[in-house]
Amino acid sequence: IPKSEIRNDEADMTTAHPDVELLELDLLLEGVRRRYGYDFRDYARASLLRRVRRQMAQEGVSSPTALLERVLHDPEAMQRLLLGLSVHVTAMFRDLAFYRALRAQVVPHLKTWPFVRVWHAGCSTGEEAWSLAIVLAEEGLADRCRIYATDMSEAALARAKEGMIPLESMREYAENYIAAGGARSFSEYYVAGGNQAAISPALRSGIVWAQHNLVTDSSFDEFHLLLCRNVMIYFNRALQDRVHQVLYDSLPSLGTLALGARESLKFTVKAGCYEPIDEEQRLYRKVR
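Residues numbered from 1 in each chain as written. Predicted model: local features only at pLDDT ≥ 70, side-chain atom pairs only at ≥ 80, totals over all residues. Heavy atoms only, no water.

Observations concerning the side chain of Asp 278
Reasoning step 1: Among the structural elements, Asp 278 can be located in strand β9 (residues 274–278).
Reasoning step 2: Here Asp 278 is buried and forms no salt bridge, its nearest opposite-charge partner Arg 282 lying at an N-O distance of 7.1 Å.
Reasoning step 3: A polar contact of 3.1 Å, which involves the side chain of Asp 278, links it to the backbone nitrogen of Gln 281. (Helix = DSSP H or I, 4+ residues; strand = E, 2+ residues; numbered from the N terminus. Buried < 20%, exposed > 50% of the residue type's maximum accessible area, 1.4 Å probe, protein only. Lys, Arg positive; Asp, Glu negative; His and termini not counted. Salt bridge = Lys/Arg side-chain N within 4 Å of Asp/Glu carboxyl O. Polar contact = N/O pair within 3.5 Å; in protein donor to acceptor, adjacent residues only side chain to side chain.)

Following this line, the structure appears as C-alpha cells:
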C-alpha cells in the first residue's frame, strides 16, 4: 500500500496548519465556556486536543470550528462533547492497595467523628463511589455517614444514579473486592437481573449525587474525607493550584485528602498544609 494511502484518523481530521488548529481549539473552548459555562481552557493541551479530534470524528466534522458551530446550536451535541472531554475510566475497587490503606489507616480516624461527611469529587459513573460506600458499610459507618458524589457531566451522573452495572463487569469487580479486603459476600451489594446488576437500596440510600465542576465551582461544605483521584492529571499547574484551594477549603483540621496514584501534593500551593498518612497511596491529613 503506498504511504500516501495510509491514514491516521486523528492526524487527518483537519488539513489546517497546526497553529490554525490550535487557534480553532481556543475558539472552541471559549465558545463552550461562554455558552455553557464549562471551562476547559486550562486542561493539558496535548490530551485535550486528542479528545477533541476523537469527538470530531464521532460527530463527522472536519475541524474544531465545525464542532463549535454544532455544539453552540445543539445542547445534545454539547453533552456528547462533555462526555468526550471528560475522562471516565473507572471500575469498582480498581486500586486494590488504596482500599486496603483506606480501611487500615483512614477508617479508624473517621470512627472518632459522631457523623461523617465524605466528598467524592469527579465520581464519573459511580463505580468508585459504590466501592467507598461498601467499605464504610463494612466498617460500621453506614448509619452515620453521608457520601456526596459529584461530577461535572450530567450524563455520567445520570448513569450513576441509575445504579445499574453490566453483570459481566460485576464478576470482575467481585475479584477486585476480595483482593481489596472485602469482608462479606460481594453478591450482597447488588441484585442480578438479566445481564444487569442493580446496586442494593441500602448502598444507594447513603449517596447524594450532584453536579459540581471543580474548574469553576467553589467548596460547598466541610468533609472529613475527600477523594479527588485521577482528576488533576489532566490540568495544567494553574488549574491544579485552583482546585487544591477548593479541596483545602472543604476539609476541616485533620480531615483526610485522597489523591490518585499519579498525583501528589509535592510542589503544590498547599503542600505544607498536609502531612502524609500513606504517601504511596496518596493519603494525606490536613494539619494547618
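Anyway, onward from the coordinates.
Describing the pairing of strand β1 (residues 116–121)
Reasoning step 1: In terms of burial, β1 is largely enclosed, as five of its six residues are buried.
Reasoning step 2: Pairing of β1 with strand β2 (residues 145–151), which is carried by six bridges, proceeds in the parallel orientation. Paired with Trp 119 across the strands is Tyr 148, a residue of β2.
Reasoning step 3: With helix α7 (residues 127–138) bridging β1 and the parallel β2, this β-α-β connection has right-handed handedness.
Reasoning step 4: Pairing between β1 and strand β7 (residues 225–228): three bridges, direction parallel. Bridge pairing links Val 118 to Leu 225 in β7. (Pairing = 2+ DSSP bridges. Right-handed = clockwise from strand over helix to strand, strands pointing away.)

Focus on the pairing of strand β5 (residues 196–199)
Reasoning step 1: Only one face of β5 is covered, namely the face carrying Ala 197 and Ile 199; the face carrying Gln 196 and Ala 198 is uncovered.
Reasoning step 2: Where strand β3 (residues 164–166) and β5 come together, three bridges link them in antiparallel fashion. Considered in β5, the bridge of Ile 165 is made with Ala 197.
Reasoning step 3: Examined bridge by bridge, strand β4 (residues 190–193) and β5 share four bridges and lie antiparallel to one another. Bridged to Val 191 within β5 is Ala 198.
Reasoning step 4: Linking β4 to β5, which pair antiparallel, is a turn of two residues; within it Gly 194 sits at a positive phi near 65°.

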